[in-house]
Amino acid sequence: MIFRRALLRELTTNAIYVFVVLVAILVTQFLIKLIGAASAGSLPTDGLIPLVGFRLISQLPPLIVIAMFVSILLTLSRGWRDSEMAIWMSSGQSLLSWVRPVLTFALPMLVIAMVLSTVLSPWAERRSIEYRRILEARDELSVLAPGLFQELRKTKQVYFVEGVNLIDGTIKNVFVFADDPNGQWLVRALQGFLYQDKTGDRYVILEKGNRVKHTSAQAGPNEYEFASFDRYGIRMTGNEVKDDPLEERAKDTIALLQEGTPSGLGQVFYRLSVPIAGIALALLAIPLAYVNPRLGRSINLIIAILLLMISLNVMNIIQAQIDQQRIGLIAALLVFHLSLAAIVAGVFYYRYRGAVFIWRSRTQATTTDHGSAA
């Protein structure tokens, strides 16, 4: 009981630390990518946080599996390094005794990963795509901020608004610059407001201002037209929300199985394989955690990380084979997970024999020392 409690407590602590670090790295990566898109004008700044949240939910299953694998590896390798494993084995705990507490720790996490992978991740991907479509279809004037120059990439216009009256929706001291095929023009008005007619077309109505337009080159390079107006309307055509078919990664798992398309079945293989492979990885971490004092701790850690990367890459390769109709879903699941189980069994058997040999050698050495002393 003490053995299990101590192990589970340390495994949980290490898993939390590793998971937080992985999430921080992933969120930073997503933010850098989205901030770049926002700075280029292809994404409003108020859409960053929701998109990061949706993206993070979709990537949680592999993060949970990786955090579980690394936490088991770090915990058991520390036990070997500090000779705790030798103490437990001298107390009658063999290498197989670590299987039950490790699975007790890993299985709840893998169940959560399975639910996330098959249910919540497709939902998050779907919500992310829908949210992006809404942002693309939203009237660009709605993202204008007072005191900032805002470029509307679709109409090639630059707006500056000094202030916005939140009560009646009017805007104060408006500046507009446009570069269209008919020539460049500039408008400045004291105030304005948004207007929508019966057909659904939207306009920016400017009041009490001036308009300067550069005429065509035929009239002269320095020819301009000046005009004053009491009211001037600029038509802003809104975009409709796209209703394109969803990508495979955004569809429900049951819907993908019902459709039976090769790309959909490949997506189902990936969703099922991530948490199922976590069982083999949890068991694989037990023999890989062995630390040889002569070789150091880093050797087994490097080997474990390489095996993890190879497993993920092989998973992607098999998914591509399913997309190309070279292998079926059931056959792919059996081949991948049985091969992984065979590797785990081979490594576990090799390390188990080595651990028994080490324990017997130490026991015989201790017995010999006691006999010599007597």
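Procedures and definitions
Residues numbered from 1 in each chain as written. Predicted model: local features only at pLDDT ≥ 70, side-chain atom pairs only at ≥ 80, totals over all residues. Heavy atoms only, no water. Helix = DSSP H or I, 4+ residues; strand = E, 2+ residues; numbered from the N terminus. Buried < 20%, exposed > 50% of the residue type's maximum accessible area, 1.4 Å probe, protein only. Polar contact = N/O pair within 3.5 Å; in protein donor to acceptor, adjacent residues only side chain to side chain. Contact = heavy atoms within 4.5 Å. Core = buried A, V, L, I, M, F, W, Y, C linked by side-chain atoms within 4.5 Å. Patch = residues over 30% accessible without salt bridge, like charges linked within 9 Å, V, L, I, M, F, W, Y side chains within 5 Å. Areas by Shrake-Rupley, 256 points an atom, 1.4 Å probe, with all protein chains shown as cover. Salt bridge = Lys/Arg side-chain N within 4 Å of Asp/Glu carboxyl O. Phe/Tyr/Trp six-rings, centres within 6.5 Å; stacked < 30°, edge-to-face > 60°.

**Student:** Tell me about unusual backbone geometry, and name the residues and values.
**Tutor:** Phi at Asn173 takes a positive value of approximately 45 degrees, unusual for a residue other than glycine. For Asn173, the location among the structural elements is in strand β3 (residues 171–180). Classification of Asn173 by relative accessible area gives partly exposed; the value is 26%. Notably, Lys208 is not glycine yet its phi reads approximately 55 degrees, a positive angle.

**Student:** Can you break down the side chain of Asn14 residue by residue, with the values?
**Tutor:** Tracing the chain through its elements places Asn14 in helix α1 (residues 2–39). Judged by relative accessible area, which is 18%, Asn14 ranks as buried. For Asn14, the side chain forms a polar contact with the side chain of Thr75, separated by 2.7 Å. In this structure Asn14 touches Ser71 and Thr75, once residues within four positions along its chain are discounted.

**Student:** Explain the nonpolar core to me, and be specific about the residues and the numbers.
**Tutor:** Met68, Ile72 and Phe269 are the most contacted members of the largest nonpolar core, which totals 60 residues. Of all elements in the fold, only α1, α2 (48–58), α3 (60–81), α5 (99–137), α7 (262–288), α8 (298–323) and α9 (329–373) reach the threshold of two or more residues within this core. Broken down by element, the residue count for this core peaks at 13 residues, all from α7. Val161, Trp185, Val204 and Leu206 belong to the second-largest nonpolar core, a separate cluster that totals 13 residues.

**Student:** Tell me about a nonpolar patch on the surface, and name the residues and values.
**Tutor:** A cluster of nonpolar residues, Leu301, Ile302, Ile305, Leu306, Met309, Ile310 and Val314, forms a patch on the protein surface that exposes about 570 Å² of accessible area. Checked against the element boundaries, Leu301 lands in helix α8. Judged by relative accessible area, Leu301 falls into the partly exposed class, the value being 33%.

**Student:** Residue-level account of the side chain of Ser58, with values.
**Tutor:** You can see Ser58 is positioned in helix α2. A residue is classified by how much of its surface remains accessible, and Ser58, at 10% relative accessible area, is buried. Those residues in contact with Ser58 that sit more than four places away from it in its chain are Ser121, Ala124 and Glu125.

**Student:** Now, about the pattern of salt bridges: what can you tell me, with residues and values included?
**Tutor:** Summed over all chains, the structure comprises 7 salt bridges. Here Arg231 makes a salt bridge to Glu207, at a shortest N to O gap of 2.8 Å. Of the two residues, Arg231 is situated in strand β6 (residues 224–236) and Glu207 in strand β5 (residues 202–214); the sequence distance between them amounts to 24 residues. Judged by its relative accessible area of 55%, Arg231 falls in the exposed class. With a shortest N-O distance of 3.3 Å, Lys251 and Glu259 are connected by a salt bridge. By relative accessible area, Glu259 is classed as partly exposed at 42%. Each of Arg55, Glu125 and Arg249 takes part in one network of salt bridges that share partners.

**Student:** Mind laying out the environment of Ser263, listing which residues take part and the relevant values?
**Tutor:** As for its placement among the helices and strands, Ser263 is situated in helix α7. A relative accessible area of 30% means that Ser263 is categorised as partly exposed. In this structure the C-alpha to C-alpha distance between Ser263 and Ile322, which are 59 residues apart in sequence, comes to 7.1 Å. Those residues in contact with Ser263 that sit more than four places away from it in its chain are Glu248 and Asp323.

**Student:** Report on the packing of aromatic side chains, specifying residues and quantitative values.
**Tutor:** Using the criterion set out here, one finds 4 aromatic pairs in the structure. Where Phe229 meets Tyr232, the ring centres are 5.2 Å apart and the plane angle is 35 degrees; that geometry is what we call tilted. On the basis of relative accessibility, which here comes to 12%, the residue Phe229 falls in the buried class. Ring geometry for Phe269 against Phe336: centres 6.0 Å apart, planes inclined by 75 degrees, an arrangement best described as edge-to-face. Remark: Phe336 occurs in helix α9 and Phe269 occurs in helix α7; sequence separation between them is 67 residues. Just as Phe269 is buried, Phe336 falls in that class too. One aromatic cluster in this structure is built from Phe54, Trp123 and Tyr131.

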